[in-house]
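Listed here are the chains, written in short residue letters.
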Amino acid sequence: MSRSLRVHPDYIQKVKLAVKRNGYPRQKDLAEELEFSLATVGNFLNGKRVDYNYFTEICRVLGLDWKEVVVFEEDSSKSQSTKEAIAVEPEVIIPCPEEETFIYVERPPIETSCYETLKNPGALIRIKAPSLTGKTSLIVKTLNKITQQGYRTVYLNLHLANQADFNNLDQFLKWFCISVGQSLGLKNKLIDYWDEEFSTSKVDCTDYFEKYLLVHVENNLVLALDEVDRIFPCTEVATEFFGLLRAWHEQAKIRKIWKKLRLMIAHSTEVYIQMDINSSPFSVGLPIELPDFTSLQVQKLAQLHELDLTEVEVEQLMDLVGGHPYLVEQAFSNLKTYPNTPLEKLLQMALTESGIYRNHLLHLGRLIQKKPQLFEAFKEVVMTTNQTRLQPIQAYKLHSMGLVNLQGNYVTPRCNLYKQYFSECLF
């Protein structure tokens, strides 16, 4: 029996606060750096049991004393020699965040385009934008509005899958079907639809949706798949899965049952896997690229935070962080929390050890240092005064991390904050 531990209920809030305090904007960012599944991190943060090694490593990265936050549970023999949990509980399915939990600034006409497109039978929307630009927020906003019109919705983040799930198409499609079914409140009935001997996993998956999941959805179903680029490196599974999504999209043109399904697909990187244009979902549907905030949108966000900033102050902030949604949001959240701290002082301290972006910058630095080729490519971008031309894959990956802007075949640092910090502290 493998050991497992869980966070004591009295310390759950403390460990959740430690995530952002250590520079991880989302659970996904912590999971990526640890190379753990998002579900494992979610279990830890929600007081569910995780393996002893996972538990202690997460605590180490978050700067927590694991012996302080753990709750030990004795086994049935009451032995004093071991303190083991009985079994690992099922992984947490992290739901789509509620719209009320965040402030949202629209970037017209993107939101209206999404709403109107999803009204069409078999609709497909492709959202592409760098990390921390607002893809998930757009999905949440869209799903909440479409729910008010009677649609059923499912939000599924591919970071919830374990890495092993991507190694085999059959295993991945089973995880996919079960996850969608759970979100709809339906029982796992794979045994009734999966023919291991005479069928293929793609046919079985299609049958599961067509004859079970979609049948039990009275109205239309919007299925939002977030972070799908996690599957890109697994070329064989990715090609087959995305080909399946395209086939379902085409089925909606001729079969009534498939008209009920509408897809949203979000990813950070360019689609660098080789796919036939006729079998790729990335060559059809509505493409959405999220831009950075404009000055007017930054001003709107300030107002939503009940901050009274002048045009000059907005310009000063954007000179440092551009229209980067996350960095702008962090600045405004800090100003709201510490109303006696003027924006000028916040900007002066931004690159120091006590600056509000310190943990975020350290996190990005740790990520880039783990990838030697990207590290050298980013160094070239930061240290030059001109635009830099990189290998396409390197440019796409740096862009997906939110570190650079793509301008044709060239890249530049995403904002002055990144250029100044990394040129001084990393290189």
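Computed from a predicted model, the values in this text were never measured in an experiment. Per chain, residue numbering runs from 1 following the sequence as it is written. Confidence filtering applies because this is a predicted model: local features only for residues at pLDDT of at least 70, side-chain atom pairs given and counted only at 80 or more, and all residues used for totals across whole chains, interfaces and linings. Here the side-chain values reflect all heavy atoms present in the structure, with hydrogen atoms and water set aside.

What about the overall build of the chain?
The condition is simple: Only runs of H or I of at least four residues qualify as helices and only runs of E of at least two qualify as strands under DSSP, and these elements are numbered from the N terminus. In this description the radius of gyration comes from C-alpha coordinates, and the expected globular size is given by 2.2 Å times residues to the power 0.38. For the exposure calls, accessible area comes from a 1.4 Å probe over protein chains only, and a residue counts as buried if that area is under 20% of its type's maximum, exposed if over 50%, partly exposed in between. Per-residue and other accessible areas follow the Shrake-Rupley method at a 1.4 Å probe size, with only the shown protein chains counted as cover for residues. Charge counting treats Lys and Arg as positive and Asp and Glu as negative, with His and both chain ends excluded. For charged residues, the charge sits on one atom: NZ in Lys, CZ in Arg, CG in Asp, CD in Glu.
Counting secondary structure elements, the chain contains 20 helices and 11 strands. Relative to the globule expectation of 22 Å for 427 residues, the C-alpha radius of gyration of the chain, 23 Å, shows essentially globular dimensions. Within the span of the chain, comprising 427 residues, buried residues form 51% of the whole. Element-wise, carbon and sulfur atoms account for 48% of the exposed surface of the chain, whose accessible area totals about 20600 Å². For the chain, the distance from the average site of its 47 positive side-chain charges to the average site of its 53 negative ones is 2 Å.

Quick word on the sheet that holds strand β4 (residues 124-128)
Condition: Strands are treated as partners if at least two bridges between them are detected by DSSP. For helices, the axis comes from a line fit to the C-alpha atoms of the stretch in contact; other axes are also lines fit to C-alpha atoms, and the angle between any two N-to-C directions lies between 0 and 180 degrees. Note on contacts: a residue pair is in contact if any heavy atoms of the two residues lie within 4.5 Å.
Strand order in the open sheet formed by 5 strands is β5-β6-β7-β4-β8, with parallel pairing between adjacent strands. For this open sheet the edge positions go to β5 (152-157) and β8 (286-289), each flanked by a neighbour on one side alone. Neighbouring strand axes in the sheet, compared pairwise and without regard to direction, differ in orientation by 15° on average. Across the face of the sheet, helix α6 (residues 110-117) comes into contact with β4 and β8 while running at roughly 155° to β8.

Overview of the packing of aromatic side chains
How we decide: Pairing of aromatic rings covers Phe, Tyr and Trp, the last counted by its six-membered ring, and requires centre-to-centre distances within 6.5 Å; plane angles under 30 degrees mean stacked, over 60 mean edge-to-face, and any other angle means tilted. We call a charge positioned over a ring when the NZ of a Lys or the CZ of an Arg lies within 6 Å of the ring centre and within 35 degrees of the ring normal.
Under the counting rule described, the total for this entry stands at 22 aromatic pairs. Taking the centre distance of 5.1 Å and the plane angle of 80° together, the rings of F176 and F241 count as edge-to-face. Taken as a pair, F176 in helix α8 (residues 169-183) and F241 in helix α11 (residues 235-251) lie far apart in primary sequence, 65 residues in all. No difference in accessibility class separates F176 from F241, as the two residues are buried. Here R389 stacks its cationic end above the ring of Y410, 5.8 Å away from the centre of that ring.

Overview of the sheet that holds strand β1 (residues 4-7)
Across the sheet, which stays open at both edges, the 3 strands sit in the order β2-β1-β3 with antiparallel pairing between neighbours. Edge positions in the open sheet fall to β2 (50-51) and β3 (70-71), since each of these has one partner strand only. With 2 bridges joining them, β1 and β2 adopt antiparallel strand pairing. Bridge pairing links S4 to D51 in β2.

A look at the pairing of β1
One ladder, built from 2 bridges, connects β1 with β3; its direction is antiparallel. Paired with V7 across the strands is V70, a residue of β3.

With respect to the confidence of the model for the chain
Note the following rule: Per-residue confidence from the predictor is reported as pLDDT, which spans 0 to 100.
Per-chain confidence: the chain averages 89 in pLDDT, with 93% of residues scoring 70 or above. When the criterion is pLDDT under 50, residues 74-94 qualifies, and its contacts beyond four places in sequence or with other chains add up to 44 contacts.

Examining the nonpolar core
Soluble globular proteins tend to pack their nonpolar side chains together in the buried interior. To keep things clear, this is the line we draw: Buried Ala, Val, Leu, Ile, Met, Phe, Trp, Tyr and Cys residues form a nonpolar core when they are joined through side-chain atoms within 4.5 Å.
Counting residues in each nonpolar core, the largest one holds 49 residues, and the members touching the most others are F176, F209, I231 and F242. Excluding anything up to four places from it in sequence, F242 contacts V228, I231, F232, I273, M275, S279, P281 and F282.

Structural notes on the state of the cysteines
Short version of the rule: The criterion for a disulfide is a pair of cysteine sulfur atoms lying within 2.5 Å.
Counting across every chain of the model gives 0 disulfides. Cysteine C177 shares no disulfide, and the gap to the nearest cysteine sulfur, in C205, comes to 3.5 Å. In this structure C425 is a free cysteine whose sulfur lies 14 Å from that of C415, the closest cysteine sulfur available.

So, the environment of S4
One can find S4 in strand β1. With relative accessibility at 1%, the residue S4 sits in the buried group. Spatially, the C-alpha atom of S4 lies 21 Å from that of E33, the residues being 29 residues apart in sequence.

Observations concerning the pattern of salt bridges
Close approach of charged atoms lets side chains of opposite charge pair. Here is the rule we go by: For salt bridges, the criterion is a side-chain nitrogen of Lys or Arg within 4 Å of an Asp or Glu carboxyl oxygen.
Inspection of every chain in the model, using the stated rule, returns 18 salt bridges. Notably, a salt bridge pairs D29 with R26, separated by 2.9 Å at the nearest N-O pair. The residue E306 makes a salt bridge to K336 at a minimum N-O spacing of 2.6 Å. Separated by 30 residues along the polypeptide, E306 in the loop between α13 (295-304) and α14 (311-321) and K336 in helix α15 (residues 325-337) bring together distant segments of the chain. Taking the relative accessible area as the measure of exposure, K336 reaches 40% and is therefore partly exposed. Where salt bridges share partners, they join K28, E32 and E227 into one cluster.

Let's talk about helix α18 (residues 372-383)
Condition: Given the number of residues in a helix, its expected span is that number minus one, multiplied by 1.5 Å. To obtain the arc, one takes the directions from the helix axis to the C-beta atoms.
The end-to-end C-alpha distance of α18 is 16 Å, a good match for the 16 Å that 12 residues give at a rise of 1.5 Å each. Along α18, the positions that sit buried rather than exposed are L374, F375, A377, F378, V381 and V382. On an axial view of α18, the arc spanned by its buried residues comes to 165°, and they lie on one face. Exposed side of α18, more than 90 degrees from the buried face: P372 and Q373 are the residues found there. If you follow the buried residues of α18, they end up packed against α17 (358-369), β9 (388-389), α19 (392-400), β10 (404-407), β11 (410-413) and α20 (416-425).

What to know about the packing of α13 against α15
Note the following rule: It is the rotation of the near helix from the far one that decides the hand of a crossing: anticlockwise by less than a right angle makes it left-handed, clockwise makes it right-handed. Amino acids are sorted into nonpolar (Ala, Val, Leu, Ile, Met, Phe, Trp, Tyr, Cys and Pro), charged (Asp, Glu, Lys and Arg) and polar (every other residue, Gly among them).
Put simply, α13 and α15 touch, their axes get as near as 10 Å, and they point 30° apart. Crossing geometry of α13 relative to α15 is assigned as right-handed. Side by side, α13 and α15 meet where V298, L301 and A302 of the first sit next to V328, E329 and F332 of the second. For the contact of α13 with α15, the per-class residue count stands at 5 nonpolar, no polar and 1 charged.

A word on the packing of α8 against helix α10 (residues 201-213)
The description of two helices packed together rests on the angle between their axes and the distance between the axes. Filter applied, for reference: Oblique is the label for any angle not covered by the other classes, which are roughly parallel (under 35 degrees), roughly antiparallel (over 145) and roughly perpendicular (65 to 115).
Contact geometry for α8 and α10: axes closest at 9 Å, N-to-C directions at 10°. Here α8 is positioned roughly parallel relative to α10, judged by the angle of their axes. Judged by the sense of rotation from one axis to the other, the crossing of α8 with α10 is right-handed. Of α10, the residues touching α8 (which contributes L169, D170, L173, F176, C177, V180 and G181) are S201, K202, C205, Y208, F209 and L213. For the contact of α8 with α10, the residue count by class is 9 nonpolar, 2 polar and 2 charged.

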